Structures are given as structure tokens and as C-alpha cells.
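# Structure at a glance
Spelled out from the first residue to the last, the chains are:
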Amino acid sequence: MFAEPVRKKTAERMEAALEHLKRELAGIRSGRASVSLLDGIKVNYYGTPTPLRQVANLATPEARLITVQPWEPQLIKEIEKALLASDLGLTPSNDGKIIRIPLPPLSEERRRELIKVCKKHGEETKIHIRNARHDGNHELKQLQKESKLTEDEWRKAEQEIQKLTDQYVQKVDQVLKKKEEEILEV
């Protein structure tokens, strides 16, 4: 009864770490165009840094092309500036109404670098998951010391948290594998 809130909180922390990984990987360029690639870009909108999604319509009409159509035509220069300043290495071109961002094919070397970056994010996520397990186990130990949990309840709850940890580490591996396949796809 006392162990359930600890297990729930630990699971929520692990889920949050996994969701964070998914957002991070969405911003990493793979072989095909994705508007999530532009998620981190902020545009100077009347002196306020504003997410690109909030000032323009983003689309992927082709596999290797992203289009950005500003809602206000005078923003086109600011959007172009923000895209060039980003570390994505993209070259936007505009016709006065719409910005086209062609995505050149990735070289084999660049694909390998991107996979390394993905694995680094995956390792960081696994560390967060293990930290959540550690904190959960510590809380359980405290409850056991305060005589709110019996020895058996404590051991059982600890095993449940370990199972959760294993499940989330496996989910991280699945997400990484999927992203790696996406990056290697030619």
C-alpha cells in the first residue's frame, strides 16, 4: 500500500525520460524531411523569440523538402535568418511568399556521426532511468526503516521497480534502433 505511490512516481519519471529522448531524436535529421527538425528554431517576432511553428505553416511536400509559409509575409527575412543561424546546416531559399528548405542526402560519414549522437542521447536516458530506480529504491528503504513496509513488501516492491527499469531500458533500445534504421535508410 505504501509502495504503490513510490512505484507510480518512479514509472512516471522513467516515462518522462523516454518522452524526452523521443523529442531529442525527432530533432536529429534522418534521411527524409520532417518538420520536427525545425522544432528548436525560434524566430524574432516583434522582439520576442517565438517558436517557428507559431509564426508559420510547416510542411513536407516531398521526401527531401520542407516548406515554411509565414503567416505574415514581412517575417520571411527573420525566419530565413533564424534558419541560417541554426546548427542544422540547411540552406533555405525564398520566393517572397514561401521558404523552401531542400535536404541534401546524408553522407555515410554524417550518418555514422548522427547515430553516435543518438546513442549518446540513449545512454543519457538510461542514466536517468537508473537514477529514477535508485531514488525509488531509496524511498522504499526509508519506508521499510520507518516500519511502513515489511521486509517482504520491500523486496517485492524493489523487484517491481527493477522490472520497470528493465522495461524502460528495453523501450529506449527500441526507440534507438528505429531511429538508427531511419538514419541509415538511403
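Note: the structure precedes this text.
Moving on to the overall build of the protein chain. A tally of helices and strands in the protein chain yields four helices and six strands. Traced from its N-terminal end to its C-terminal end, the protein chain shows the element sequence α-β-β-β-β-α-β-β-α-α. For 186 residues, the compact-globule estimate of 2.2 N^0.38 gives 16 Å, and the protein chain exceeds it by more than 25% at 22 Å. Overall, the C-alpha framework of the protein chain stretches about 70 × 40 × 25 Å when taken along its three principal axes. Each of the 186 residues in the protein chain was classed as buried or not, and the buried ones make up 38%. Counted over contacts in the protein chain with a minimum sequence separation of 6, partners at least 24 positions apart contribute 66%. As displayed, the protein chain offers around 11,300 Å² of accessible surface, 51% of which is attributable to carbon and sulfur atoms. One finds the centroid of the 34 positive side-chain charges in the protein chain at a distance of 1 Å from the centroid of its 31 negative side-chain charges.

It is worth spelling out the pairing of strand S4 (residues 65-70) at this point. The element S4 is largely enclosed, with a buried count of five among its six residues. The sheet contact formed by strand S3 (residues 56-62) and S4 spans five bridges and is antiparallel. Paired with Ala 56 across the strands is Pro 70, a residue of S4. Here S4 pairs with strand S6 (residues 99-102) via four bridges, running antiparallel. Following the sheet pairing, Thr 67 is matched in S6 by Arg 100.

A word on the pattern of salt bridges. Inspection of the entire model under this criterion finds 16 salt bridges. In this structure, the salt-bridge partner of Glu 124 is Lys 120, at a minimum N-O distance of 3.7 Å. You can see Glu 124 and its partner Lys 120 sitting in helix H3 (residues 108-145), four residues apart, about one turn around the helix. Between Lys 148 and Glu 146 there is a salt bridge, with its nearest N and O atoms 3.5 Å apart. Ionic contacts of the salt-bridge type, sharing partners, join the residues Glu 4, Arg 7, Lys 156 and Glu 160 into one network.

Here the focus is the packing of helix H1 (residues 3-26) against H3. The description of two helices packed together rests on the angle between their axes and the distance between the axes. At their nearest, the axes of H1 and H3 sit 9 Å apart, and the two run at 170° to each other. Considered as vectors, H1 and H3 are oriented roughly antiparallel to each other. Of the residues contributing to the contact of H1 with H3, the split by class is twelve nonpolar, seven polar and six charged.

What follows covers the packing of H1 against helix H4 (residues 151-184). Put simply, H1 and H4 touch, their axes get as near as 10 Å, and they point 10° apart. Between H1 and H4, the angle falls in the class roughly parallel. Packed against H1, whose contacting residues are Ala 3, Val 6, Arg 7, Thr 10, Ala 11, Met 14, Glu 15, Leu 18, Leu 21, Lys 22 and Leu 25, the element H4 presents Ala 157, Glu 160, Ile 161, Leu 164, Thr 165, Tyr 168, Lys 171, Val 172, Val 175, Leu 176 and Lys 179 at the interface. Here the contact of H1 with H4 is built from residues that sort into 14 nonpolar, two polar and six charged.

What counts and what doesn't
Residues numbered from 1 in each chain as written. Predicted model: local features only at pLDDT ≥ 70, side-chain atom pairs only at ≥ 80, totals over all residues. Heavy atoms only, no water. Helix = DSSP H or I, 4+ residues; strand = E, 2+ residues; numbered from the N terminus. Rg over C-alpha atoms; globule rule 2.2 N^0.38 Å. Buried < 20%, exposed > 50% of the residue type's maximum accessible area, 1.4 Å probe, protein only. Contact = heavy atoms within 4.5 Å. Areas by Shrake-Rupley, 256 points an atom, 1.4 Å probe, with all protein chains shown as cover. Lys, Arg positive; Asp, Glu negative; His and termini not counted. Charge placed at Lys NZ, Arg CZ, Asp CG, Glu CD. Pairing = 2+ DSSP bridges. Salt bridge = Lys/Arg side-chain N within 4 Å of Asp/Glu carboxyl O. Axes fitted to C-alpha atoms, helices over the stretch in contact; angles between N-to-C directions. Parallel < 35°, antiparallel > 145°, perpendicular 65-115°, else oblique. Nonpolar A, V, L, I, M, F, W, Y, C, P; charged D, E, K, R; others polar.

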